[in-house]
Amino acid sequence: MQRVVRSLESVRRGSHVAAGSIVVCKYGGSSLATAVHIGRVADQIASLRASGARVCVVVSAMGKTTSSLVRLASEVANTPAPRELDVLLTTGERISRALLAMALDERGVPAVSMSGAECGILTDGPHTGARIVHVDPSAVLAALDAGRVVVAAGFQGAREDGQITTLGRGGSDTTAVALAAALGASYCGIFSDVDGVYTADPRL
């Protein structure tokens, strides 16, 4: 987490983040793995907001929640229905966004959690591998203008027919970049606990 702290310090000090500007920060599952981890992230976001930035946080599911849900689905069905798999997998981000919003409120920082659909993320394509086709940031902007930190669920959106969809591997990063572009953010940070860029998957 020290690398995350240094990154946020650079954001607070940097001239590229002026008071009142929008900052998007994305946290992966390892940064949100436990209640203690969530508390640390909340402290960092509270400090960043105190510097005058308007903050939108994009979160992944806690720890290995998504992998656990995929494994659970495979135990009840040999070939899980893609629609139901999307419904299942998006619960991971629902948990982490709600908990982080609670932790921020506990620290005196007004926060609201939003699903991908509530953030205005419109998708197209198949379940478990949808693509973002449009982002309507009006609801997020309204919350930011009201002085709230927005905690957005990564990895998901909704189609025009209202169906919940997921964006596939790396979907939370995609969510953060798409929201940053739609919001006109001055900074988009993808925060991670790994040491750097590897030539292979460090988990293997």
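To be clear, the structure that these remarks concern was listed above.
All of the points below concern the structure found in this document. (Residues numbered from 1 in each chain as written. Predicted model: local features only at pLDDT ≥ 70, side-chain atom pairs only at ≥ 80, totals over all residues. Heavy atoms only, no water.)

Considerations on the overall build of the protein chain
- For the protein chain, the count of helices and strands is six helices and nine strands.
- Taken over the C-alpha trace, the protein chain has a radius of gyration of 16 Å; the compact-globule value for 204 residues is 17 Å, and the two agree within 12%.
- Its C-alpha atoms give the protein chain principal-axis dimensions of roughly 50 × 40 × 35 Å.
- Counting only residues that meet the buried cut, the protein chain has 44% of its 204 residues in that class. (Helix = DSSP H or I, 4+ residues; strand = E, 2+ residues; numbered from the N terminus. Rg over C-alpha atoms; globule rule 2.2 N^0.38 Å. Buried < 20%, exposed > 50% of the residue type's maximum accessible area, 1.4 Å probe, protein only.)

Overview of unusual backbone geometry
- Its identity is not glycine, yet T128 carries a phi of approximately 70°, on the positive side.
- Here T128 shows up in the loop between β4 (121–124) and β5 (131–135).
- The partly exposed category is assigned to T128, whose relative accessible area is 35%.
- One non-glycine residue, F155, lies in the positive phi region at around 75°.
- Residue F155 is classed as buried on the basis of its relative accessible area, which comes to 11%.

Re the packing of helix α3 (residues 65–76) against helix α4 (residues 82–106)
- Where α3 meets α4, the closest approach of the two axes is 9 Å, and the angle between their N-to-C directions is 150°. Here α4 runs roughly antiparallel to α3, going by the angle between their axes. Handedness of the α3/α4 crossing: right-handed. Residue-level contacts link T65, T66, L69, V70 and A73 of α3 to L85, L88, L89, T91, G92 and E93 of α4.
- Considering only residue class, the contact of α3 with α4 consists of six nonpolar, four polar and one charged. (Axes fitted to C-alpha atoms, helices over the stretch in contact; angles between N-to-C directions. Parallel < 35°, antiparallel > 145°, perpendicular 65-115°, else oblique. Left-handed = near helix turned anticlockwise from the far one by under 90°. Contact = heavy atoms within 4.5 Å. Nonpolar A, V, L, I, M, F, W, Y, C, P; charged D, E, K, R; others polar.)

Regarding the environment of I132
- By the element assignment, I132 lies in strand β5.
- Once residues within four sequence positions are removed from consideration, I132 is found in contact with I121, L122, T123, L167, T174, T175 and A178.

Digging into the pattern of salt bridges
- Following the criterion strictly, the structure yields six salt bridges and no others.
- Across the pair R107 and D43 runs a salt bridge whose closest N-O atoms are separated by 2.6 Å. In this pair, R107 is assigned in the loop between α4 and β3 (111–114) and D43 in helix α2 (residues 35–50), connecting sequence segments 64 residues apart.
- A relative accessible area of 43% means that D43 is categorised as partly exposed.
- Its salt-bridge partner being D161, residue R159 comes within 3.3 Å of it at the nearest N-O pair. (Salt bridge = Lys/Arg side-chain N within 4 Å of Asp/Glu carboxyl O.)

Some words on the nonpolar core
- Ranked by size, the top nonpolar core spans 24 residues in total, and within it Y27, I45, V57, L100, L104 and V149 carry the most contacts.
- Taken together, the elements giving at least two residues each to this core come down to β1 (22–27), α2, β2 (54–59), α4 and β6 (149–153).
- No other element matches α2, which puts six residues into this core.
- Not counting chain neighbours up to four residues away, the residues in contact with I45 comprise C25, Y27, V55, V57, L104 and V149.
- If you look at the next biggest cluster of nonpolar residues, it comprises 19 residues, including I121, A176, A178 and A180. (Core = buried A, V, L, I, M, F, W, Y, C linked by side-chain atoms within 4.5 Å.)

Digging into the sheet that holds strand β9 (residues 187–191)
- Spatially, the five strands line up as an open sheet ordered β3-β6-β2-β1-β9, and their pairing is parallel. Pairing within the sheet leaves two strands with one partner each, and these edge strands are β3 and β9. Strand-to-strand twist in this sheet, taken as the mean axis angle between neighbours without regard to direction, amounts to 20°.
- Here five bridges tie β1 to β9, and the two strands are oriented parallel to one another. Looking at β9, one finds that K26 is bridged to I190.
- Sitting on the sheet, helix α5 (residues 138–145) is in contact with β1, β2, β3 and β6, with an inclination near 130° to β2. (Pairing = 2+ DSSP bridges.)

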